[in-house]
Amino acid sequence: MVYGYCRISTPKQNIERQIRNIKTEYPEALIIQDTYSGTKINRKNFDKLLAAVAPGDIIVFDSVSRMSRNAEDGIELYMNLYDIGVELVFLKEPHINTETYRQAHDSSVDCVGNEIADIYIEATNKVLMLLARQQIRLAFEQAEKEVNDLRQRTREGIVTARINGQQIGAVKGKKLVTKKSLAAKEIIKKYSRDFNGSLPDKECIKLAQVSRNTYYVYKKQLIAEEMITDGK
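My aim in this report is to walk through the structure given alongside it, one point at a time. This structure is a prediction, so every number in the text was calculated from the model and none was measured. (Residues numbered from 1 in each chain as written. Predicted model: local features only at pLDDT ≥ 70, side-chain atom pairs only at ≥ 80, totals over all residues. Heavy atoms only, no water.)

1. Here's the deal with the overall build of the protein chain
Right, so step 1: Check the secondary structure of the protein chain and you find nine helices and four strands.
Right, so step 2: Along the protein chain, from the amino end to the carboxyl end, the secondary structure elements read β-α-β-α-β-α-α-β-α-α-α-α-α.
Right, so step 3: Nonlocal contacts in the protein chain, meaning residues at least 24 apart in sequence, comprise 60% of its contacts between residues at least 6 apart.
Right, so step 4: Of the roughly 15,100 Å² of accessible surface on the protein chain, 54% is carried by carbon and sulfur atoms. (Helix = DSSP H or I, 4+ residues; strand = E, 2+ residues; numbered from the N terminus. Contact = heavy atoms within 4.5 Å. Areas by Shrake-Rupley, 256 points an atom, 1.4 Å probe, with all protein chains shown as cover.)

2. Regarding the sheet that holds strand S4 (residues 87–90)
Right, so step 1: Strands sit in the order S2-S1-S3-S4 across an open sheet of four strands; the sheet is parallel. Taken across any chain shown, the strands that pair with only one partner, and hence form the sheet edges, are strand S2 (30–34) and S4. Each neighbouring strand pair of the sheet contributes to a mean axis angle of 25 degrees, computed without reference to strand direction.
Right, so step 2: By the bridge criterion, four bridges tie strand S1 (residues 2–7) to strand S3 (residues 58–61) in an arrangement that is parallel. (Pairing = 2+ DSSP bridges. Axes fitted to C-alpha atoms, helices over the stretch in contact; angles between N-to-C directions.)

3. Focus: the nonpolar core
Right, so step 1: If you look at the biggest cluster of nonpolar residues, it comprises 25 residues, and the most contacted ones within it are Met67, Tyr78 and Leu88.
Right, so step 2: Mapped onto this core, the elements with two or more residues apiece are S1, helix H2 (44–52), S3, helix H3 (64–67), helix H4 (71–83), S4 and helix H6 (115–163).
Right, so step 3: Broken down by element, the residue count for this core peaks at seven residues, all from H4.
Right, so step 4: The contact partners of Tyr78, leaving out residues within four places of it in the chain, are Met67, Leu88, Phe90, Ile96, Asn97, Thr98, Tyr101, Ile136 and Phe140. (Core = buried A, V, L, I, M, F, W, Y, C linked by side-chain atoms within 4.5 Å. Buried < 20%, exposed > 50% of the residue type's maximum accessible area, 1.4 Å probe, protein only.)

4. Quick notes on the side chain of Glu87
Right, so step 1: Relative to the helices and strands, Glu87 resides in strand S4.
Right, so step 2: Residue Glu87 is classed as buried on the basis of its relative accessible area, which comes to 19%.
Right, so step 3: When residues no more than four places from it in sequence are discounted, the contact partners of Glu87 are Asp57, Ile58, Ile59, Thr98, Glu99 and Arg102.

5. Let's talk about unusual backbone geometry
Right, so step 1: For Gln209, which is not glycine, the phi dihedral falls at a positive 55 degrees.
Right, so step 2: Tracing the backbone through its elements, the reader meets Gln209 in the loop between helix H8 (201–208) and helix H9 (212–230).
Right, so step 3: Accessibility expressed as a relative area gives 65% for Gln209, which makes it exposed.

6. Here's the deal with the pattern of salt bridges
Right, so step 1: Evaluated as defined, the whole model comprises five salt bridges.
Right, so step 2: Close ionic contact of Asp201 with Lys219 constitutes a salt bridge, the shortest N to O distance being 3.0 Å. Pair noted here: Asp201 is in helix H8 and Lys219 is in helix H9, with a separation of 18 residues, a long-range link.
Right, so step 3: In this structure Asp201 comes out as buried when scored by relative accessible area, which is 18%.
Right, so step 4: By sharing partners, the salt bridges in this structure join Arg17, Asp62 and Lys92 into a single network. (Salt bridge = Lys/Arg side-chain N within 4 Å of Asp/Glu carboxyl O.)

7. Comments concerning the packing of aromatic side chains
Remark: the centre distance and the inter-plane angle together describe each pair of aromatic rings, the angle taken between the planes.
Right, so step 1: The tally for this structure, following the rule as stated, stands at six aromatic pairs.
Right, so step 2: Look at Tyr78 and Phe90: their rings are 6.3 Å apart centre to centre, the planes differ by 10 degrees, and that puts the pair in the stacked class. Here Tyr78 is found in helix H4, whereas its partner Phe90 is found in strand S4, with 12 residues between them in sequence.
Right, so step 3: Where Tyr215 meets Tyr216, the ring centres are 5.1 Å apart and the plane angle is 80 degrees; that geometry is what we call edge-to-face.
Right, so step 4: Judged by relative accessible area, which is 0%, Tyr215 ranks as buried.
Right, so step 5: Classification of Tyr216 by relative accessible area gives partly exposed; the value is 31%.
Right, so step 6: Of the aromatic side chains, those joined through ring pairs into one cluster are Tyr5, Phe46, Phe61, Tyr78 and Phe90. (Phe/Tyr/Trp six-rings, centres within 6.5 Å; stacked < 30°, edge-to-face > 60°.)

So yeah, pure geometry; function would need other evidence.
So this is what it looks like as structure tokens:
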């Protein structure tokens, strides 16, 4: 079974690029998606996938950061899946695919029965495996560094903006004005019997196409605005 795993950090991000990249290389892949932070392994659908995979299955990631952006957790998970025979494919970092790691392992030289020669052979084999494992570690550490750098740049940007007097986020107590809210208020003023119209609240809610709670918020704001205008 071939699975393609895609993850985004927030629902606002577009996951289609990851799906497209995986489907291009593995058209038969069953796509599994999550929208949780990559700094945590306990992702709902990913956990289900880990419980379902069997030896010989393949999990394809667009990049190593989609599997984990925490180096230690990522390496541990990689090795656990490798040990049970699950193939891991990273489209952007093919040098750490489990197939590459397995080839390094299989290329180990057998001992020849000569004590001195076998010492060198065993040492060489250990070095090969250490180098392969180090490549895997570096890839996960780089992914972790990128997310940490992004967070640091974001924090620094916020501090700089505040120093320069820029407002970060919504001003507390300030009403958010949108085209939709303005249009809804115009409908309320025109058709509500509390203003210039003759329709009850139920009918105005339908016309304004807003929720009941939003309607009454807008209505309250309009009444307050009229009171200010009338000098009450």
